[in-house]
Amino acid sequence: MKKKSTGERLETFIYGRNSIEHLHRYALVMPYIENKTVLDIASGEGYGSHLMTTHAAFVTGVDIDAQTVAAAKVKYQKDNLRFLVGSATAIPLEDQSVDVVVSYETIEHHDQHQAMIDEIKRVLKPEGVLIISTPDKLYYTDKRNFNNEFHIKELYKQEFVDLISPKFKNIQLLTQIYCNGNSIIQPEGDSRNVQFFTGDYTWAAPQEIDPLYLVIIASETHFTPHNRSIFNGEIFTEKTWRSHFENSNSYKVGNFIIRPIKFLKNLFQ
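All of these numbers come straight from a predicted model, not from anything done at the bench.

The rules behind these values
Counting restarts for each chain: residues are numbered from 1 in the order of the written sequence. Totals for whole chains, interfaces and linings use every residue, but because this is a predicted model, local features are given only for residues with pLDDT of at least 70 and side-chain atom pairs only at 80 or more, for both listing and counting. The side-chain values count all of the structure's non-hydrogen atoms but skip hydrogen atoms and water molecules. In DSSP terms, a helix is any run of H or I states spanning at least four residues, a strand is any run of E spanning at least two, and both are numbered starting from the N terminus. The buried label applies to any residue whose accessible area, calculated with a 1.4 Å probe on protein chains only, is under 20% of its type's maximum; exposed applies above 50%, and partly exposed to all values in between. It only takes one pair of heavy atoms within 4.5 Å for two residues to be counted as in contact. In these tables, accessible area is a Shrake-Rupley quantity obtained with a 1.4 Å probe, and a residue counts as shielded only by the protein chains included in the view. Only rings of Phe, Tyr and Trp enter the pairing, Trp through its six-membered ring, and a pair is recorded when the two centres are within 6.5 Å. The plane angle decides the type: under 30 degrees is stacked, over 60 is edge-to-face, the rest tilted. Only lysine NZ and arginine CZ atoms are considered, and such an atom sits over a ring when it is within 6 Å of the ring centre and within 35 degrees of the ring normal. A pairing counts as a salt bridge when a side-chain nitrogen of Lys or Arg comes within 4 Å of a carboxyl oxygen of Asp or Glu. The rule for pairing is simple: two strands pair if DSSP sees at least two bridges between them. Angular values range over 0 to 180 degrees, each being the angle between N-to-C directions of two axes fitted as lines to C-alpha atoms, with helices fitted over their stretch in contact. The definition of a nonpolar core used throughout is a set of buried Ala, Val, Leu, Ile, Met, Phe, Trp, Tyr and Cys residues joined through side-chain atoms within 4.5 Å.

Chemist: Would you mind showing me how to read the overall build of the chain here?
Modeler: The secondary structure content of the chain amounts to eight helices and 11 strands. Taken over 269 residues, the chain has a buried fraction of 43%. Looking at the chain alone, contacts between residues at least 24 apart form 67% of all its contacts between residues at least 6 apart. For the chain, the accessible area works out to roughly 15,200 Å², and carbon and sulfur atoms hold 53% of it.

Chemist: How should the packing of aromatic side chains be read in this particular structure?
Modeler: Within a pair of aromatic rings, the relevant descriptors are the distance that separates the centres and the angle that separates the planes. Counting across every chain of the model gives four aromatic pairs. Geometrically, the ring pair formed by Tyr-140 and Phe-146 is edge-to-face, given 5.5 Å between the ring centres and 80° between the ring planes. Tyr-140 sits in the buried class, given a relative accessible area of 6%. Each member of the aromatic cluster is reached from another via a ring pair, and the members are Tyr-26, Tyr-47 and Tyr-104. In this structure, Lys-121 is placed above the aromatic ring of Phe-168, and the distance from its NZ or CZ to the ring centre is 4.4 Å. Taking the ring centre of Phe-146 as reference, the NZ or CZ of Arg-144 above it sits at 4.6 Å.

Chemist: Sorry, what's going on with the pattern of salt bridges here?
Modeler: Close approach of charged atoms allows side chains of opposite charge to pair. A full pass over the atoms with the stated rule returns 10 salt bridges. Between Glu-188 and Lys-157 there is a salt bridge, with the nearest N and O atoms lying 2.8 Å from each other. Taken together, the residues Glu-188 in the loop between strand 7 (182–187) and strand 8 (196–199) and Lys-157 in helix 6 (residues 157–164) connect sequence positions 31 residues apart. Connected through salt bridges with shared partners, the residues Asp-95, Glu-119 and Arg-122 form a single ionic network.

Chemist: Teacher, can you tell me more about the sheet that holds strand 10 (residues 213–219) here?
Modeler: By way of backbone hydrogen bonds, the strands of a sheet pair with one another, either parallel or antiparallel. With mixed pairing, the nine strands of this open sheet are ordered in space as 3-2-1-4-5-10-6-7-11. The sheet terminates laterally at strand 3 (81–85) and strand 11 (229–232), the two strands that pair on one side only. Ignoring which end each strand starts from, the neighbouring axes of this sheet average 20° apart. Bridge count for strand 2 (residues 58–63) against strand 3 is five bridges, and the pairing is parallel. From the neighbouring strand, Asp-63 faces strand 3, where its bridge partner is Val-85. Its contacts with the sheet place helix 1 (residues 17–33) against strand 1 (37–41), strand 4 (98–104), strand 5 (124–135), strand 6 (170–179), strand 7, strand 10 and strand 11, and it is angled at close to 165° to strand 4. Together, strand 1, strand 4 and strand 5 form the strand contacts of helix 4 (residues 113–123), whose direction differs from that of strand 5 by roughly 145°.

Chemist: I keep staring at the environment of Thr-141 and nothing clicks. Help me out?
Modeler: Here Thr-141 shows up in helix 5 (residues 137–142). Thr-141 gets classed as buried once you look at its relative accessible area, which sits at 15%. Along the primary structure Thr-141 and Tyr-156 are separated by 15 residues, whereas in three dimensions their C-alpha atoms are 10.0 Å apart.

Chemist: What is the right way to read the nonpolar core from this model?
Modeler: If you look at soluble globular proteins, the nonpolar side chains tend to sit buried side by side. Membership of the largest hydrophobic core comes to 27 residues, with the highest contact counts inside it found for Met-52 and Ile-131. The set of elements that each furnish at least two residues to this core consists of helix 1, helix 2 (47–52), helix 3 (66–75), strand 3, strand 4, strand 5 and strand 10. Broken down by element, this core gets its largest block of residues, seven residues, from helix 1.

Spatial relationships are all this shows, so hold off on functional conclusions.
The structure is reproduced here in structure tokens:
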């Protein structure tokens, strides 16, 4: 039976824009977690925690849903990976026990924002790094007149900065843009230096693309800022089109017609 997405969690059978955006965020974090101890808050299905084990010394994925954690333990088994049940405001780790905390698309799913940041600060080592993302309410919700039923409290850009900056001496604010199968993450303000165009054989014109997501890198100590990066989503775009094609009625009818021919061909080979 084909799996169906609830729309709340990203899973590895999903191919599309959401997948590309999430994977870009995990790609961004790799230079910061090399040989480090990492906490992935709201690890969900577990793909991100598992992906980070290729660079990190050890990764702990924490999620509030016990059934999801149990499934992740079965699906992803590595010596430098574990999954625990816990919440963003009650992290089941000791004080100052991790080098890097990663929290992607988590904070908007509850309204205990200050408690979450306090908990992150508690488990981070003094020289630790936080990398956290959230939708920008202005572009994600207001301008699109869009309502995500799973979001409890979204933040505007300045609210996001004001939440993080009092706890960390150094922060970098990044924005994330999606354009035709590719994700772009760049320092806030740099989008003014990138010109997008669209058109066909009869016209061409500038195109405005709003950054729906915000990413903050924060630490008490110096860290290497992230420059502009692009995630090429070609692999996922191809898989999406292939999935649409294979689920089309024409493909199903054609496959039904040639199935006996394939069977006879295999039988006499």
